[in-house]
There are 2 protein chains.
Amino acid sequence: MNKVNPLIENQFDLQAVNTYAALMTQGNGYLGVRGSFDENYTEQTRGMFVAGIYNKFSSNDVTEIVNLPDLVGMKIEIDGEIFTLQAGEVVGYERQLDIFTGELVRKLVWKNRTGHRFQFHFQRFVSKADLHTIASKVSITALDTPASLALKTGIDAQQSNFGKQHLIEENVRVMEKRIMHATYRTSESNLQVALATFCKVTQDSVPVFVSKNRQLTATYSQHLEVNQPFVLEKISAVYTSNDVGVDEADAASIQSVERNGSAGYDQLLNQSAAKWKMFWDNKRVKISSSYEMDQLALDFSIYHMEIMTPAHDERLSIGAKGLTGEGYKGHVFWDTELFIAPFHLHTVPEVAKKLLTYRYLHIEEAKYKSAKNGYEGTLFPWESALTGHEETPEYAAINISTGKRQKVASADAEHHIVADIAFAVVQYYYSTLDEAFMQNEGIVLLKETALFWISRAANEGGRLSIKDVIGPDEYTEHIDNNAYTNYMAAFNVQQAVFFLDKYNQKDLTFDQRAKVFLQNLYMPRPNEEGILPQDDTFLTKPEIDLTKYKMKQGSQVILLDYSRAEINEMQILKQADVVMLLYLMPNLFPAEIVKKNLQYYEEHTIHDSSLSKAIHAIVAARCGEQDNAYRFFQEACLIDLGSNPKSSDEGIHAASLGANWLTAIFGFANITMEQNQLAISPKMPRNWSELTFPFEWQGSTLVFTISQTELKVARKAGPEVSLRVNKKIYKVLNQIQVTL
Amino acid sequence: MNKVNPLIENQFDLQAVNTYAALMTQGNGYLGVRGSFDENYTEQTRGMFVAGIYNKFSSNDVTEIVNLPDLVGMKIEIDGEIFTLQAGEVVGYERQLDIFTGELVRKLVWKNRTGHRFQFHFQRFVSKADLHTIASKVSITALDTPASLALKTGIDAQQSNFGKQHLIEENVRVMEKRIMHATYRTSESNLQVALATFCKVTQDSVPVFVSKNRQLTATYSQHLEVNQPFVLEKISAVYTSNDVGVDEADAASIQSVERNGSAGYDQLLNQSAAKWKMFWDNKRVKISSSYEMDQLALDFSIYHMEIMTPAHDERLSIGAKGLTGEGYKGHVFWDTELFIAPFHLHTVPEVAKKLLTYRYLHIEEAKYKSAKNGYEGTLFPWESALTGHEETPEYAAINISTGKRQKVASADAEHHIVADIAFAVVQYYYSTLDEAFMQNEGIVLLKETALFWISRAANEGGRLSIKDVIGPDEYTEHIDNNAYTNYMAAFNVQQAVFFLDKYNQKDLTFDQRAKVFLQNLYMPRPNEEGILPQDDTFLTKPEIDLTKYKMKQGSQVILLDYSRAEINEMQILKQADVVMLLYLMPNLFPAEIVKKNLQYYEEHTIHDSSLSKAIHAIVAARCGEQDNAYRFFQEACLIDLGSNPKSSDEGIHAASLGANWLTAIFGFANITMEQNQLAISPKMPRNWSELTFPFEWQGSTLVFTISQTELKVARKAGPEVSLRVNKKIYKVLNQIQVTL
C-alpha cells in the first residue's frame with residue numbers, strides 16, 4: 001500500500017491550533033477526541049464527545065453535544081518551568097496523525113529558558129478495537145543535564161462548551177491508589193458519564209492525588225537523569241448511561257481500565273491498529289495522481305467518515321461536524337443521508353441501514369412535528385439529536401446591532417429533508433435488495449414521508465404547488481415550487497406507491513391521493529434557454545457580479561454587504577440547488593440541458609456552503625467537463641485541508657468530506673444506478689493515471705480499477721453483477737476488463 | 001506622606017500569576033476585579049465579583065460568589081503573533097498596584113519573535129468614586145518598525161467558577177455601534193447582572209463587533225507607525241438587580257458608560273484617586289520601622305479591608321477572601337465581627353454598624369436554624385451569604401480514597417459565632433455610645449443570642465455545661481465546655497441582662513433564666529500550673545512534637561500524617577483558642593496567668609489557620625514579650641505577602657489582614673477598652689521609632705503618635721476624651737503628650 005501520511009504538522013503554530021485539533025481528531029464513532037496538545041494553550045479548545053450525549057444548558061439554549069471532561073491534557077513542569085512551546089526554543093518538531101494506524105504522534109526537542117534540552121515523545125490513540133478506550137503515552141528525556149520533573153494529569157471537568165457547563169459532578173474517586181474515577185450527570189437530559197483513568201510510569205514515582213475545583217489529578221514528581229527517559233502511559237475509559245448493553249457505566253469504566261491498564265499502551269495500540277488495517281484494506285480509494293493531495297484528501301475524507309459514524313448504535317446518527325467540535329451543536333442534518341451514508345452503503349451497507357433506522361425510530365417525533373405544522377405523515381426535523389425532535393433553534397443568534405433575533409426559517413420551511421430521507425431509503429433498497437428492511441421499516445418511511453408531501457401541496461386552481469419552502473440553497477428563502485423540492489417530493493410519492501404495491505400493502509385511499517398528487521403537482525421545466533427555474537420567481541430576480549464573494553467563498557462575506565432579505569431578492573445562491581437535483585437524478589434531462597444549468601447556476605453560486613463544490617464537480621465530470629470538475633474537486637478538498645488556519649476550528653465539514661468520496665465514485669468513476677442497473681462511464685481527471693476503489697452492490701463486493709484507457713472490475717464476493725459500461729452491459733462473474 | 005508602593009512586581013512569573021492577581025485586586029466593596037493580566041495565560045484565573053451576587057450551580061453544590069463575565073481581558077496580535085510574555089523577550093517590565101491612587105499600572109517593552117520592540121503601557125482601576133465603574137487604558141507603540149495591530153476586547157461570559165457556569169445569557173447588544181452591552185441571570189438565585197462597556201481609540205480604527213460563544217467583542221485593526229502610540233480606553237459599568245436604588249440594571253449600565261465614556265480614563269481616575277487620597281489621609285497607620293515591610297503590610301491590610309467591605313449596603317457582609325477570589329465561596333464567617341469590623345469601628349463607625357445590621361436583618365434565619373437544632377433564640381450560621389441561611393456545606397469534599405464524605409461539623413457545633421456577634425454589638429456600643437442602634441437592633445441581637453446560650457446549656461446535676469462544641473481551634477471537635485465558648489457565652493448573657501435593664505426592657509422570665517444560667521454555668525479555671533483548660537478533656541490528651549508541622553504552618557500538612565479523628569485526640573491546635581479569649585478579655589486573668597497560657601498554647605499550636613499568628617502577637621505584646629510579638633506579627637504579614645507564589649491564589653486572607661491592623665492598635669499600641677474607659681499602654685517593637693494612627697472613640701476622632709519614649713494624642717473632632725495611659729487617667733481636650 002502506498003502509505004501517505006495525510007496530516008503532518010512540521011511547525012508549532014498557535015494560530016492553527018484549533019483547526020489542527022479538529023483535523024487530527026481521533027475516534028471511533030462512539031467517541032471523538034480532538035487532537036489538542038497535551039499541554040494547555042490559551043487559544044486551544046479541547047474537546048471530547050460521545051455520540052448521543054447531548055444536553056440543554058438552559059431553556060434559552062438548544063440542545064448541544066456535550067464537551068466532556070478532558071482526559072488527555074497534562075501539565076508538565078521541568079525545574080519549576082511550565083512546559084510550553086511558546087517559551088524556550090523548539091529545536092525539532094513533528095506532529096503526525098497516522099490515519100492508517102489511528103495514532104497521533106508528536107516528537108520534539110525543547111530547550112528550556114536555561115538552554116537545557118529535553119526530548120519529548122507524545123503518542124495517543126482512541127481505540128478502534130474497544131469503543132470506550134483512549135490511551136496515551138509520553139516519554140520525557142533530559143538530554144543535557146539532570147532535572148526535576150513534575151507531571152500532572154487526570155480528569156478535568158472544568159472543560160465546558162465555551163463556558164456552558166452541562167455536567168454536574170456526581171462522584172470523584174481514586175480506587176486503590178491507582179485508578180482515578182469520576183461520574184457526572186448532564187443537567188437536563190439526565191445522562192450519566194463515567195470516566196476512569198490509570199497511569200503507569202517507568203520510574204517508581206508515587207503520585208499525589210488531588211481532587212479540587214472539578215479536577216481530579218495525579219502528580220508525578222521525578223528526578224530525571226540524563227538520557228534516562230521518564231515514560232508515562234495513561235489508559236482511560238469512557239462509558240455513559242446511554243450505552244447499549246452497559247448496565248452500570250461507572251463499574252464498566254473501572255473494569256475497562258483495570259483490564260486495559262495491565263495490557264499497556266503498545267498492546268492496545270496494536271489491537272486498534274489491526275482494526276484500522278482491516279478498514280483501509282477494505283475501504284481505501286486509491287488514486288494515482290500527479291498531485292498527491294488528491295490521495296490525501298480521499299484518505300482524510302474516509303478516515304473522518306469512519307470516526308464520525310456511530311455504527312455501533314442505530315439510535316444515533318452523524319453530526320454535521322462529526323465528533324470533532326461543537327459546530328452546529330452536534331446536530332444531524334440531511335448531510336447524513338445524502339452526503340455521508342452513500343460511502344457506508346457501498347462499503348458496509350449495514351451501517352447505512354442503521355442510519356436509516358435512526359430516522360425510522362423517530363417517526364413519532366416527525367409525525368408530531370408534521371401535525372403541529374398542520375400536515376400529515378412525517379415532517380422530519382431539519383436538525384435533530386438524541387430525542388428525534390426538531391432541534392433547530394427557533395431564533396438565530398441575536399442581531400447585536402438591532403437587538404432582535406431573526407426567526408430561523410430552516411425548521412419551518414427546509415422540508416426537502418423529508419424527500420432526502422425517502423431518496424436514501426430507495427437508494428438503500430436498490431443497492432442492497434434488502435427486502436426485510438424495505439418491507440418493514442423502509443415502506444413505513446416511504447409512505448409517511450409521501451403522506452407529508454401529499455398534505456403539504458396547495459391546490460391552486462387544480463395545479464398543485466409546494467409553497468413557501470427553502471431548497472438546498474439557503475440564500476433563497478420562502479419560495480414556491482423549488483425545483484429540487486418538487487422533483488424529490490414527486491419521486492418520494494412515486495416510490496411509496498410503487499413499493500406499497502410491490503409488497504401488497506396498497507392502501508386505496510393513499511394510492512388515490514398519491515396519484516392525484518403526481519398528476520397535478522407542478523413540475524418546473526427548463527425555459528426557452530434550457531434553464532430549469534430554481535423556483536417560481538428566481539429567474540426574474542436581478543443579478544449582481546459575485547466575483548468578489550466567490551473569491552472568499554465559504555465565509556459568507558456577502559452578509560456584510562447585503563441583508564438576508566436583500567440577498568433573497570437577487571439571483572444569488574449559497575450552494576448547489578438545481579445542480580444537486582441534477583446530481584441525484586442524472587437522467588432527468590438531456591445532457592445538453594444539464595450542462596446549461598450547471599453553467600448558469602454555478603455562475604450565480606458563491607459556494608458559501610461546504611456542500612456545494614463537490615456536487616458541482618460530480619455534475620461537471622458527468623458533463624465531460626473534466627477540467628472544471630477537477631478544479632471543483634480540488635477546491636472542495638481545501639475546505640478542511642486548505643491554508644486557512646481557522647477553517648475547521650469548530651470541527652471538520654462532515655458532508656463535504658462525504659462529498660469528496662461521492663466525487664471520486666459518482667463523478668470521476670461516474671457510477672450511476674438506475675434502480676437495478678449499475679452503470680459506469682468513467683470521466684477521469686487528466687492527471688489521474690489510476691483510480692481503484694471497492695464498491696458493494698446488491699450483496700456483491702466489487703473492486704473497480706480505472707485508468708485513462710481501461711476499466712477493470714473484479715468481483716471479490718457475492719453473486720454475479722450486471723454492469724453497464726458506457727452503453728454496453730457486462731456480466732461480472734470474476735473479473736472484466738474493458739477498454740475505454 | 002511617606003509614600004510606599006506596596007505591590008511591585010519586577011519580573012513576569014507565570015507561577016505567581018494567581019497570587020499576584022489576588023493581591024493586586026482592585027475594588028470598592030461593591031465590585032472586586034482580580035489583578036489578572038490583560039492578556040490570557042493558561043495558568044491565570046480571572047475574577048470579577050459583585051458583593052451579594054451568589055448562586056448555587058446545582059443541588060449538589062453550596063451557594064458561591066459568582067465569577068462574573070470578564071471585562072478586562074484583551075487579545076493583542078502584532079503582525080499576526082499573539083502577544084504573550086511567554087514568547088519573545090521582555091526587555092523591561094514593571095507592574096505596580098498603587099494603593100494610594102487605586103491604579104494598577106504595567107509597563108514593558110516586548111521584543112517579538114522577529115526581534116522588533118513594542119512598548120506597552122497598561123493602566124486600570126476600579127472606581128472609588130462610582131461603585132459600578134471599571135476603566136482601563138492600554139497604549140501600544142512600535143519602537144523599531146511599523147506593524148499591524150489587532151486588539152480584541154469586550155465582555156467574556158465564558159468566565160466561570162472553575163468550570164461551573166452560574167449565568168444564563170439573557171441579552172447581548174451593541175448600542176449605536178459604540179457600546180457593548182449584555183445581561184445575564186443567575187440560574188438559581190435569579191439575579192440579573194448587566195454589563196456595558198465602551199472603547200475609545202486614538203486612531204480612526206473602526207471596530208468589528210462579534211457575538212459568539214458567550215463572548216461579545218470589538219476588534220480594532222490598526223497599522224502602527226513607529227513611535228506613534230495606539231491608545232485604547234475602555235470604560236465599563238456593572239449593575240445588578242440586587243443593587244439598592246437601581247430600578248433597571250441594564251439601563252443603568254448603559255447610561256453609566258455613556259456618561260463616563262465622554263469623561264474618559266484620566267478624568268475618571270482623578271475622581272477615584274481623590275477618594276483614595278481622602279481615605280489614606282484619614283485612615284492610614286504610619287509606622288517608622290527599620291523594616292519597611294511593616295508599613296507595607298499595614299498599608300496592604302487597610303487597602304484590602306477597604307475594598308472588601310460592602311459599606312454601601314447593610315444587607316451584605318464580608319467574605320473570607322473579600323472580593324479577591326473564589327476561596328470559601330465568598331461566604332461570611334466570624335472573621336467579619338472579630339477581625340475586620342474593629343478597623344471600621346475605629347475609623348468609620350457607621351460601617352461597623354452596617355455589618356451588625358447584616359446580622360440583625362437575618363435574625364429570622366438564625367432563629368430558624370436555632371429552632372431546627374432544638375434551641376431558642378438565634379443560632380447564626382457558621383457560614384452565610386445573601387439569604388442569611390446556613391451555607392456551610394453539609395459534607396466536606398469527598399475523600400477520594402474512601403469515596404466517603406465527612407460531615408462538616410462547623411455548622412453543627414461552631415456556635416461561638418453567636419457570642420462573637422454579641423461581643424461585637426457590645427464593642428460597637430461602647431465605642432460609639434450609639435443609643436439608637438443599641439436600643440433597637442443591638443438589644444434584640446443581645447437578647448436573642450443570649451436566649452440561644454441559655455437554651456444551649458445542659459444541666460449536669462445543677463452545673464450547666466455547654467457540650468459538644470467546636471471552639472476557634474478547629475482541630476479539636478465535639479468537646480465540652482470550651483473555655484472560649486463558655487466565657488464568651490457568659491459575657492453575652494450578662495450583657496443582655498445589663499442592656500435590657502438599662503433600656504427598661506427587662507423581661508422577668510428571661511432575667512430569671514439568665515441569672516440561673518450565669519450562676520450555674522461552669523467557667524473553667526486555670527489549673528495548678530496556671531493553665532486554663534481549653535475544654536474538659538484537652539489537657540489530658542497526649543502531646544506530640546509539632547516542630548515539623550510548625551515549619552510548614554498554614555498548609556495543614558499534618559493531615560497527611562494523621563486523620564482528623566487522630567488529631568482530635570491529641571493536644572494539637574490549628575489556631576489560637578484560649579489565646580483568642582485572652583485577647584478579647586485582657587483582664588480576665590492576672591498577667592502571669594496570661595503569659596503562662598500564651599506559652600503553653602502556642603507550643604501546641606501549628607498556626608495552620610491564618611487567624612492565629614496575629615492574635616498571638618497581640619497577647620504577646622501585652623505580656624511585654626515585644627520580640628516574640630514582633631516575630632508573630634512579621635510572620636502574620638507573610639501570610640499574603642510571603643514568598644509562597646501560590647499562597648493567595650484563591651484570594652487574600654481577609655481576617656488575617658484585619659488582624660494585622662488589630663496587632664498594631666491593640667497589640668503594639670496596646671489600646672484596651674473596658675466598657676467606657678479607653679486605655680493605652682504602648683508595647684512598641686524595638687525597631688519601630690514611631691507609630692501613628694487615627695482612632696474613633698465615642699464620637700471623637702483621635703490621632704495617636706507613639707514613639708519608644710513618648711505618647712501624643714491629638715483630638716481632631718468630637719467631645720473631650722478620657723484616656724488612661726498606663727495607670728494614669730488623662731483628659732484629652734486638644735492634645736496630650738505623655739512620657740512613657
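Just so we're clear, the structure is a prediction, and the values are computed from it rather than from any experiment.

A. Fine view of the relation of the copies chain B and chain A. For the pair chain B and chain A, the relating rotation is 180°, the translation along its axis is 0.1 Å, and the fit reaches an RMSD of 0.0 Å. Taken together, the rotation and translation relating the two chain copies correspond to the operation of a two-fold axis. A share of 100% of interface residues in chain B that are also interface residues in chain A marks the association as one of identical surfaces.

B. Seen up close, the UniProt feature "domain: Glycoside hydrolase family 65 central catalytic" (unreviewed entry) in chain A. With numbering aligned to this structure, UniProt lists the feature "domain: Glycoside hydrolase family 65 central catalytic" (unreviewed entry) at residues 300–661 of chain A. In the segment residues 300–661 of chain A, helix accounts for 51% and strand for 2%; the C-alpha atoms at its two ends are 10 Å apart.

C. Seen up close, the packing of helix 9 (residues 416–432) of chain B against helix 11 (residues 483–502) of chain B. All names here are of chain B. For the pair helix 9 and helix 11, the least separation of the axes is 9 Å and the interaxial angle reads 45°. One element, helix 9, and the other, helix 11, form an angle in the oblique class. Helix 9 and helix 11 meet at a crossing whose hand is left-handed. From helix 9, His416, Val418, Ala419, Asp420, Ala422, Phe423, Val426, Tyr429 and Tyr430 reach across to helix 11, where they touch Tyr484, Thr485, Met488, Ala489, Phe491, Asn492, Gln495, Phe498, Phe499 and Lys502. Among the residues forming the contact of helix 9 with helix 11, the class breakdown is 13 nonpolar, 4 polar and 2 charged.

D. Region of the structure containing the environment of A:His346. Structurally, A:His346 is set in the loop between helix 5 (335–345) and helix 6 (349–360). On a C-alpha basis, the gap between A:His346 and A:Leu702 in space is 9.6 Å, while along the polypeptide they are 356 residues apart.

E. Looking closely at the packing of aromatic side chains. Residue and element names in this part refer to chain B. Enumeration over the complete set of coordinates arrives at 84 aromatic pairs over all chains. Between phenylalanine 538 and tyrosine 601, the aromatic rings sit 5.9 Å apart at their centres with planes inclined by 40°, giving tilted as the arrangement. With phenylalanine 538 in the loop between helix 12 (508–520) and helix 13 (547–551) and tyrosine 601 in helix 17 (residues 591–603), this residue pair connects regions lying 63 residues apart in the sequence. With relative accessibility at 0%, the residue phenylalanine 538 sits in the buried group. Centroid distance phenylalanine 693 to phenylalanine 695: 6.5 Å. Interplanar angle 75°. Geometry classified as edge-to-face. The class for phenylalanine 695 is buried, based on a relative accessible area of 0%.

F. Main features of the interface of chain B and chain A. With 43 residues of chain B in contact, the opposing surface of chain A contributes 44 residues. Contact with chain A buries surface across chain B, with B:Gln86, B:Phe162 and B:Ile400 losing the most and accounting together for 18% of the total. Put simply, chain B and chain A have 4 salt bridges between them. A salt bridge links B:Lys75 to A:Glu43, with the nearest nitrogen and oxygen atoms 2.9 Å apart. The set of elements that each furnish at least two residues to the side of chain B that touches chain A consists of strand 7 (74–78), strand 14 (167–175) and strand 17 (208–212) of chain B. With 8 residues, strand 14 of chain B is the largest single contributor of residues to the side of chain B that touches chain A. Here the residues of the side of chain B that touches chain A are counted per class, giving 15 nonpolar, 17 polar and 11 charged.

G. Quick look at helix 2 (residues 249–263) of chain B. Residues and elements named next belong to chain B. Here helix 2 spans 21 Å end to end across 15 residues, near enough to the 21 Å set by a 1.5 Å rise per residue. Within helix 2 the residues assigned to the buried category are Ala249, Ala252, Ser253, Ile254, Ser256, Val257, Asn260 and Gly261. Looking at the buried residues of helix 2, the elements they touch are strand 12 (133–142), strand 14, strand 15 (179–186), strand 16 (192–201), strand 19 (230–240) and helix 3 (265–283). Remark: glycine 264 follows helix 2 within two positions and exhibits a positive phi of approximately 90°.

H. Quick peek at the pairing of strand 17 (residues 208–212) of chain A. Residues and elements named next belong to chain A. Across 5 bridges, strand 17 lies against strand 18 (residues 215–224) in antiparallel orientation. Its bridge partner lying in strand 18, valine 208 is registered against threonine 219. Counting the residues between successive antiparallel strands, the hairpin from strand 17 to strand 18 contains 2 residues, one of them, asparagine 213, with a positive phi of roughly 50°.

I. Seen up close, helix 11 of chain B. Its 20 residues give helix 11 of chain B an end-to-end C-alpha distance of 28 Å, which sits within 8% of 28 Å, the value for a rise of 1.5 Å per residue. B:Asn504 lies just past helix 11 of chain B and shows a positive phi near 55°.

J. Highlighting the sheet that holds strand 2 (residues 26–27) of chain A. All names here are of chain A. Taken in spatial order, the 3 strands make up an open sheet running 2-3-4, and their pairing is antiparallel. Two strands close off the open sheet at either side, each with one partner strand: strand 2 and strand 4 (48–50). The pairing of strand 2 with strand 3 (residues 31–33) spans 2 bridges and is antiparallel. Bridge pairing in strand 3 links glycine 27 to glycine 32.

K. A look at the side chain of A:Glu414. Residue and element names in this part refer to chain A. Examined against the element boundaries, glutamate 414 turns out to sit in the loop between helix 8 (410–413) and helix 9 (416–432). Buried within the structure, glutamate 414 lacks any salt-bridge partner; lysine 574 is the closest side chain of opposite charge, at an N-O distance of 7.2 Å. Discounting residues that sit within four places of it in the chain, glutamate 414 has contacts with Trp382, Ala409, Ile470, Gly471, Pro472 and Glu474.

L. Highlighting the pattern of salt bridges. All names here are of chain A. Considering all chains together, one arrives at 86 salt bridges over all chains under this definition. The residue glutamate 64 makes a salt bridge to lysine 329 at a minimum N-O spacing of 3.6 Å. Pair noted here: glutamate 64 is in strand 6 (residues 64–65) and lysine 329 is in the loop between helix 4 (293–308) and helix 5, with a separation of 265 residues, a long-range link. One salt bridge in this structure joins glutamate 635 and arginine 631, with 3.7 Å as the shortest N-O distance. Residue glutamate 635 and its partner arginine 631 are located together in helix 19 (residues 626–641), separated by 4 residues, close to a single helical turn. Taking relative accessible area as the criterion, glutamate 635 reaches 26% and is therefore assigned partly exposed.

Thresholds, definitions, all that
- Residues numbered from 1 in each chain as written.
- Chains lettered and ligands numbered in written order.
- Predicted model: local features only at pLDDT ≥ 70, side-chain atom pairs only at ≥ 80, totals over all residues.
- Heavy atoms only, no water.
- Least-squares fit on C-alpha atoms with pLDDT ≥ 70 in both.
- Contact = heavy atoms within 4.5 Å.
- UniProt positions renumbered as here; feature names shortened; annotations may be inferred.
- Helix = DSSP H or I, 4+ residues; strand = E, 2+ residues; numbered from the N terminus.
- Axes fitted to C-alpha atoms, helices over the stretch in contact; angles between N-to-C directions.
- Parallel < 35°, antiparallel > 145°, perpendicular 65-115°, else oblique.
- Left-handed = near helix turned anticlockwise from the far one by under 90°.
- Nonpolar A, V, L, I, M, F, W, Y, C, P; charged D, E, K, R; others polar.
- Phe/Tyr/Trp six-rings, centres within 6.5 Å; stacked < 30°, edge-to-face > 60°.
- Buried < 20%, exposed > 50% of the residue type's maximum accessible area, 1.4 Å probe, protein only.
- Buried area = accessible area lost by both parts, 1.4 Å probe.
- Salt bridge = Lys/Arg side-chain N within 4 Å of Asp/Glu carboxyl O.
- Expected span 1.5 Å × (residues − 1).
- Pairing = 2+ DSSP bridges.
- Lys, Arg positive; Asp, Glu negative; His and termini not counted.

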